[in-house]
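Examination of the molecular architecture
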Amino acid sequence: MENLEKILAQHPFFKGMPPEHVAYLAGCAANARYNPGDFIFRNGQPANQFFLIRYGTISLEIFVPGKGAVMIETVQEGNVMGWSWLVPPYRWHFDARALELTRAIVMDGECLRKKCAEDPRLGFELMSRIARLIEERLRATQLQLIDIYGKD
Amino acid sequence: MAARQDPMIPLPYRIETVQRETGDTFTLTLVPAAGDQIGPFAAGQFNMLYIFGVGEVPISISGDPSESGKLVHTIRAVGSVTRAMQRLKAGQVIGVRGPFGSSWPLEQAQGNDVVVIAGGIGLAPLRPVLYTLVKYRERFGKVILLYGSRTPEDILFRRELEKWRQRFDMEVSITVDRATGRWRGNVGVVTKLIPRAPFDPYSCIAMVCGPEIMMYYSVLSLKDQGVPTECIYISMERNMKCAIGFCGHCQYGPYFICKEGPVFRYDQVESLLNKREI
Ligand SMILES: Cc1cc2nc3c(=O)[nH]c(=O)nc-3n(C[C@H](O)[C@H](O)[C@H](O)COP(=O)(O)OP(=O)(O)OC[C@H]3O[C@@H](n4cnc5c(N)ncnc54)[C@H](O)[C@@H]3O)c2cc1C
Ligand code: FES
């Protein structure tokens, strides 16, 4: 556990978070490893995890009939993945597939929600960090939508 | 062969090769058709290319500045002149005036990390920089190329990118907006690569080229990393006619892009970039 706590504290997502909060959240964490090609989750499955990538690359994909899997984003070392565990009905809206050997810390969504409810200050801290991520993702998606390498 | 003087008179150049890069982009290699040729160029400069009876367009030089004689231009077919250029064949002759404009700050970059950020066709005006960085590699700190393209099929200069990527003294990261099936690289906008790139923000020169919106967001991200605006350079495009600072066609605030540009230090043009009417 002590080891996981150290790894969490070093991950950019938890940078600057009070150590007692990190220690408390570490109770929800576990180590995971994925081989190239492994599906980490699939669209429609229950979403109950939050991933902090330590190493490797994961592709987020949407299946488009007639086109196959369209990659919409890749996440790598230092990134986090997944916030569907935060909002009902807690289901994934895309597939996540490891492109290479990937190591991650997986945090249990139900456990996180419970801890946030027990300690609202910690909950606010965690939600603020996740809100920042969602905002970053939204901005990136907007740039992808306006086709920034386009002709006009 | 002598270098010619009058900057308004195109010199005839014969197309030696036409290389298809992507569906809408191609590279012309030109050699002087008569005796005269234009003078040497610096990375970032452009020529005016003229198709007889169709029109003239400014196009950056995408070849190696240390190779004299041949001119290399990479062109994306977007309108009447560039589409007509796409139909040209080896052996045909076009007119060339140049080289014009300012260049990328390769001198200032010496001793510093160099971050080259390109979007779409913006890799073409930066290719001469990359040739120079590779040729005089020991003069620079870390060399990093971040390149964003719409899809894997739109990636320019694949073979060269692969060669540079395999070098141990260069970091090459490519990202696309979307991909299917076999793509194994990054997906996401080019600005996402900037925070991960291992350069020293306090001792680097960043050169950014692509559509204005892409340059704008790339500069924001560079600034977030702590890179001072005086160390960031961008290349601006406007319609041109004379290319020698006469006609005012390319005016951009207080500047004529054909003369003071196309390469500007970012703090020179920062206040103009967000003005809608310019
Ligand atoms: C200094 C400088 C360097 C350039 N270097 C290159 C280069 O290396 N390779 C290259 O392919 N192009 C380059 N360009 C852009 C090129 O000059 C234009 O694409 C060209 O002038 C378009 O002419 P056209 O007659 O084919 O299109 P037009 O018929 O004039 O325009 C057709 C359509 O293309 C759009 N368009 C026009 N100009 C541009 C532009 N600059 N960028 C995007 N869309 C445009 C118009 O909005 C219009 O919708 C450069 C421009 C400048 C000013
Ligand atoms: S194109 Fe005539 S002044 Fe620039």
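Here, residues in each chain are numbered from 1, in the same order as that chain's written sequence. Note on labels: chains are lettered from A, ligands numbered from 1, in written order. The predicted origin of the model limits local features to residues at a pLDDT of at least 70 and limits the giving and counting of side-chain atom pairs to 80 or more, whereas totals for whole chains, interfaces and linings rest on all residues. Only hydrogens and water are removed before side-chain values are computed, so all heavy atoms of the structure are retained for them.

Here we take up the overall build of chain A. Only DSSP runs of H or I with at least four residues qualify as helices, and only runs of E with at least two residues qualify as strands; both kinds are numbered from the N terminus onward. Tallying secondary structure elements over chain A gives 4 helices and 8 strands in all. What you see in chain A, going N to C, is helices and strands ordered as α-α-β-β-β-β-β-β-β-β-α-α. We compute the radius of gyration from the C-alpha atoms alone; for a globule the expected value is 2.2 Å times N to the 0.38, where N is the number of residues. The globule rule puts the C-alpha radius of gyration for 152 residues at 15 Å, and the 16 Å found for chain A is close to it. When its C-alpha atoms are laid out on the principal axes, chain A stretches across 50 × 35 × 30 Å. Burial classes follow relative accessibility: with a 1.4 Å probe on protein chains only, a residue under 20% of its type's maximum area counts as buried, one over 50% as exposed, and anything between as partly exposed. Here chain A holds 152 residues, and the buried ones make up 46% of them. Any two residues whose heavy atoms approach within 4.5 Å at even a single point are treated as in contact. Sequence separation of 24 or more characterises 77% of the internal contacts of chain A that already satisfy a separation of 6 or more. Using a 1.4 Å probe, the Shrake-Rupley method yields the accessible areas, and only the shown protein chains count as cover for residues. For chain A, the exposed area adds up to about 8,100 Å²; of that, 54% sits on carbon and sulfur atoms. By the counting scheme adopted, Arg and Lys are positive, Glu and Asp are negative, and His together with the chain ends is not counted. Charged side chains are reduced to one point each, which is NZ for Lys, CZ for Arg, CG for Asp and CD for Glu. Chain A carries 18 positive and 18 negative side-chain charges, and their two centres are separated by 2 Å.

Our focus in this paragraph is the state of the cysteines. Here, two cysteine sulfur atoms that lie within 2.5 Å of each other are counted as a disulfide. Per the counting criterion, the structure on display carries 1 disulfide over all chains. Free cysteine: A:C116, not disulfide-bonded; nearest cysteine sulfur from A:C28 at 8.3 Å. B:C231 forms no disulfide, and the closest cysteine sulfur to it belongs to B:C204, at a distance of 6.2 Å. A relative accessible area of 19% means that B:C231 is categorised as buried.

In this assembly, 21 residues from chain A lie in contact with 29 residues from chain B. Note on chain A versus chain B: buried area summed over both sides is about 2,200 Å², and carbon and sulfur give 55% of it. Salt-bridge contacts for A:E73 lead to B:K192; the nearest nitrogen and oxygen are separated by 2.8 Å. At the level of secondary structure, the elements contributing two or more residues to the side of chain A that touches chain B comprise β5 (68-76) and α4 (120-145) of chain A. In this classification, the charged set is Asp, Glu, Lys and Arg, the nonpolar set is Ala, Val, Leu, Ile, Met, Phe, Trp, Tyr, Cys and Pro, and all remaining amino acids, among them Gly, are polar. Looking at the side of chain A that touches chain B, its residues break down into 10 nonpolar, 5 polar and 6 charged. Here the buried area means the combined drop in accessible surface, using a 1.4 Å probe, for two parts upon being joined, counting both sides. By salt bridge we mean one thing: a side-chain nitrogen of Lys or Arg within 4 Å of a carboxyl oxygen of Asp or Glu.

Turning to helix α4 (residues 158-166) of chain B, a few remarks are in order. Residues and elements named next belong to chain B. Among all positions of α4, only E160, L161 and W164 are buried. Along the long axis of α4, the arc covered by the buried residues comes to 100°, so they all point the same way. Among the exposed residues of α4, those oriented more than 90 degrees off its buried face are R159, K163 and Q166. By definition, the arc is the one covered by directions from the helix axis to the C-beta atoms.

Residue and element names in this part refer to chain B. When you tally the buried positions in strand β8 (residues 143-149), you get 7 out of 7 residues, the bulk of the element. Burial along β8 is two-sided: V143, L145, Y147 and S149 and I144, L146 and G148, pointing in opposite directions, are all buried. For two strands to be treated as a pair, DSSP must find no fewer than two bridges joining them. Relative to β8, strand β7 (residues 113-119) is paired through 6 bridges, and the arrangement is parallel. What sits directly across from V114, in β8, is V143.

Residue and element names in this part refer to chain B. Partitioning chain B into domains gives domain 1 (11-100) and domain 2 (106-235). Boundaries of every domain are those given by an automatic assignment or by a domain database. Placing the centre of domain 1 and that of domain 2 at their C-alpha centroids yields a distance of 24 Å. Residue-level contacts link 18 residues of domain 1 with 16 residues of domain 2. Roughly 1,200 Å² of surface becomes buried between domain 1 and domain 2 when both sides are summed, with 60% attributable to carbon and sulfur atoms. Of all residues in domain 1, T22, S62 and R76 bury the most surface against domain 2, accounting for 32% of the area lost on that side. Taken together, the connections running from domain 1 to domain 2 amount to 0 salt bridges.

This part covers the environment of B:V190. Inspection of the secondary structure puts B:V190 in the loop between β11 (186-187) and β12 (204-209). C-alpha separation for the pair B:V190 and B:Y217, spaced 27 residues apart in sequence, amounts to 9.2 Å.

Most peptide bonds are trans, and most residues other than glycine sit at a negative phi. The amide bond that connects B:G98 to the next residue, B:P99, takes the cis arrangement and shows omega of -10°. Checked against the element boundaries, B:P99 lands in strand β6 (residues 93-100). Residues B:G261 and B:P262 are joined by a peptide bond in cis, for which omega reads 10°. In this fold, B:P262 is placed in the loop between β15 (255-256) and β16 (263-265). Even without a glycine there, the phi angle at A:Y90 is positive, about 55°. Examined against the element boundaries, A:Y90 turns out to sit in the loop between β6 (80-81) and β7 (95-98).

Here we take up the side chain of B:T82. Residue and element names in this part refer to chain B. The topology assignment puts T82 in helix α1 (residues 80-86). Note on T82: relative accessible area 8%, which makes it buried. Not counting the four nearest positions on each side in its chain, T82 is found in contact with F26, V57, I75, R76 and A77.

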